[in-house]
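One letter stands for each residue in the lines below.
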Amino acid sequence: MAGFRSLSSGLRALRPGAFGADPSGERMARIRRSPHFENGVFRNPGGPARTRPSGSALDFAKVFFDKETRPRRSPKGTVPVHATTLADIARPPATGLRLTWMGHSSVLAEIDGRRVLFDPVWGERCSPFPFAGPKRLHPVPLPLAALGPVDVVVISHDHYDHLDMPTIKALAGTDTLFAVPLGVGEHLERWGVSADRLRELDWHEATKIGGLTLTATPARHFCGRGLRNTQHTLWASWVVAGEEHRIYHSGDTGYFDGFQEIGAEHGPFDATMIQIGAYSDFWPDIHMTPEEGMRAHLDLQGGPEHGLMLPIHWATFNLATHPWAEPGEGTLAAARAVGARVALPHPGEPFEPTAETVPSGPWWRAVALAPAGGFPVGEALADATIRTASNAAAVAQADTLSDEEGKAGKGTEDPQTLPAG
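Residues numbered from 1 in each chain as written. Predicted model: local features only at pLDDT ≥ 70, side-chain atom pairs only at ≥ 80, totals over all residues. Heavy atoms only, no water.

A few points about the pairing of strand 8 (residues 198–201)
Burial of the side chains of strand 8 extends over both faces: Leu 198 and Glu 200 are buried on one face and Arg 199 and Leu 201 on the other. By the bridge criterion, 4 bridges tie strand 7 (residues 177–181) to strand 8 in an arrangement that is parallel. Bridge assignment links Val 180 to a residue of strand 8, and that residue is Glu 200. This β-α-β element, strand 7 to helix 6 (residues 185–190) to strand 8, shows right-handed connectivity. (Buried < 20%, exposed > 50% of the residue type's maximum accessible area, 1.4 Å probe, protein only. Helix = DSSP H or I, 4+ residues; strand = E, 2+ residues; numbered from the N terminus. Pairing = 2+ DSSP bridges. Right-handed = clockwise from strand over helix to strand, strands pointing away.)

Things to note about the sheet that holds strand 5 (residues 114–118)
Spatial strand order, 8-7-6-5-4-3-16: 7 strands in an open sheet with mixed pairing. Each edge of the open sheet is held by one strand with a lone partner, namely strand 8 and strand 16 (350–351). Here 6 bridges tie strand 3 (residues 97–103) to strand 4 (residues 106–111), and the two strands are oriented antiparallel to one another. Its bridge partner lying in strand 4, Leu 97 is registered against Ile 111.

Quick notes on the packing of aromatic side chains
Tallied over the full model, the rule gives 12 aromatic pairs. Taking the centre distance of 6.3 Å and the plane angle of 75° together, the rings of Phe 42 and Trp 235 count as edge-to-face. Taken together, the residues Phe 42 in strand 2 (residues 41–42) and Trp 235 in the loop between strand 10 (212–217) and strand 11 (237–241) connect sequence positions 193 residues apart. With respect to burial, Phe 42 and Trp 235 carry one shared label: buried. For the ring pair Trp 314 and Trp 364, a centre distance of 5.4 Å and an interplane angle of 80° mean the geometry is edge-to-face. Linking Trp 314 in the loop between strand 14 (308–312) and helix 9 (326–338) with Trp 364 in the loop between strand 16 and helix 10 (389–396), this pair joins segments that are 50 residues apart in sequence. For the pair formed by Trp 314 and Trp 364, the shared burial category is buried. In textbook terms, an aromatic cluster arises when at least three aromatic residues are bridged by ring pairs, as seen for Trp 101, Trp 314, Trp 324, Trp 363 and Trp 364. (Phe/Tyr/Trp six-rings, centres within 6.5 Å; stacked < 30°, edge-to-face > 60°.)

Remarks on the pattern of salt bridges
Scanning all chains against the criterion turns up 9 salt bridges. Ionic pairing is found between Arg 27 and Glu 186, a salt bridge with its closest N-O pair at 2.8 Å. Of the two residues, Arg 27 is situated in helix 2 (residues 25–33) and Glu 186 in helix 6; the sequence distance between them amounts to 159 residues. A relative accessible area of 15% means that Arg 27 is categorised as buried. (Salt bridge = Lys/Arg side-chain N within 4 Å of Asp/Glu carboxyl O.)

A word on the confidence of the model for the protein
Across the protein, pLDDT averages 86, with 83% of residues at or above 70. Segment residues 1–12 is flagged for pLDDT under 50; beyond a separation of four residues in sequence, or across chains, it makes 0 contacts in the model. For the stretch residues 380–421, pLDDT sits under 50, and the model shows 94 contacts to residues farther than four places along the chain or on other chains. (pLDDT = per-residue confidence, 0-100. Contact = heavy atoms within 4.5 Å.)

What to know about helix 2
Residues Arg 27, Met 28 and Ile 31 constitute the buried set of helix 2. All buried residues of helix 2 project into a common sector of 95° when viewed along the axis, lining one side. Counted as exposed and oriented over 90 degrees from the buried face of helix 2: Gly 25, Glu 26, Arg 32 and Arg 33. Contacts made by the buried residues of helix 2 are with strand 1 (37–38), strand 2, helix 6 and strand 8. (Arc of directions from axis to C-beta.)

Points about unusual backbone geometry
Following Gly 267, the chain continues into Pro 268 via a peptide bond in cis, with omega recorded as -5°. Within the element layout of this structure, Pro 268 appears in the loop between helix 7 (258–266) and strand 13 (271–275). Here the phi dihedral of Asn 39 falls at roughly 55°; this positive angle occurs in a residue that is not glycine. Mapped onto the fold, Asn 39 is located in the loop between strand 1 and strand 2. Phi is positive for His 104, close to 55°, though the residue is something other than glycine.

So, the side chain of Asn 44
Looking at the secondary structure, you find Asn 44 in the loop between strand 2 and helix 3 (57–64). Look at Asn 44 and you get buried, because its relative accessible area is 14%. A polar side-chain atom of Asn 44 sits 2.7 Å from the main-chain carbonyl oxygen of His 221. Only 3.0 Å separates the side chain of Asn 44 from the side chain of Trp 235, close enough to count as a polar contact. Excluding residues within four positions of it along the chain, Asn 44 makes contact with Ala 49, Ala 219, Arg 220, His 221 and Trp 235. (Polar contact = N/O pair within 3.5 Å; in protein donor to acceptor, adjacent residues only side chain to side chain.)

Concerning the environment of Ala 340
Within the element layout of this structure, Ala 340 appears in the loop between helix 9 and strand 15 (341–342). Expressed as a C-alpha distance, the spacing of Ala 340 and Leu 298, which sit 42 residues apart in the sequence, is 8.3 Å.

Right, dumping it as structure tokens:
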């Protein structure tokens, strides 16, 4: 038996640090008390979601290794990254709200005098290994050390393209707090974040940090970093509300009816950050297409007259079989179809969602392989995608769309956890 124990200890020693740690002790006890944890696993809203590719491995391999379509999954040239500087984000936003998409799902949100960093991934690969796994298709817009102080880091779930160990270890040496879904705190503690800097929430729970109210809201996805997917850490979308503004970050999710409930409870929003990339017919339950992402945005906002949508979870890593430019093109088409306002910044390009104009050009076309027949000709975003929210509301009245006034959340300076709503 001693030999078996030695073998087990040796295997644990070989376990990559990036795997993190499984919840235990009081954290696991709290997980078991969650109303969303049944029969030993967290459950998705709307019933079971397929978390493994549907169809056969052979069918997937045929698509993945297809010689004709595979080159389209990466840019043909250098992705144009905005030369973000500390000066760009050091000046307070004129409107009180500014977003800077750093690529994939990483967004710096400056809201009502506070700075929130969503899903920061500064690593070269979203993988437990530095020598294998999906590699960045563009550099980070600026070094993490040049980002300046951050009040709170928000994590949506523990997959490698959203929770990056080297980035967390770097942030562990700062004064920032971390808001994470239930169970994810075990990973962060393993990587050097002290327990008193963690705000670990179940769905519909909220925490107040420096005048902001952060609420963990449902998402339709899954979790896991190691060889075994225990489903013992939760995944979430997030609402952040200040005294004047409110924003929403989807994390990773499939489309589900819960977006309407989130919008009714917490919306409308000045901006939504919605996942629209890495979708596939092989896993339709856990990621959204651009059309589904726009539908989610409208559900959250109660119609196109409220706020804008920032598409996220695309352009940075090759994680699916669709063409690299397809999420951007799909978002353009979906926005035009419903008259919604969208922002399409270069990675690293700061913009203010409530300003009169926002970045809206199809910048990716300069470095993408064009589809058969080429990109649409003479195409610019419809006026509805760049007009101010008030003008968009006037247009929407013709469609008899309406919604209640946004509810501004007022917070306190003392971090705490409390039931939301």
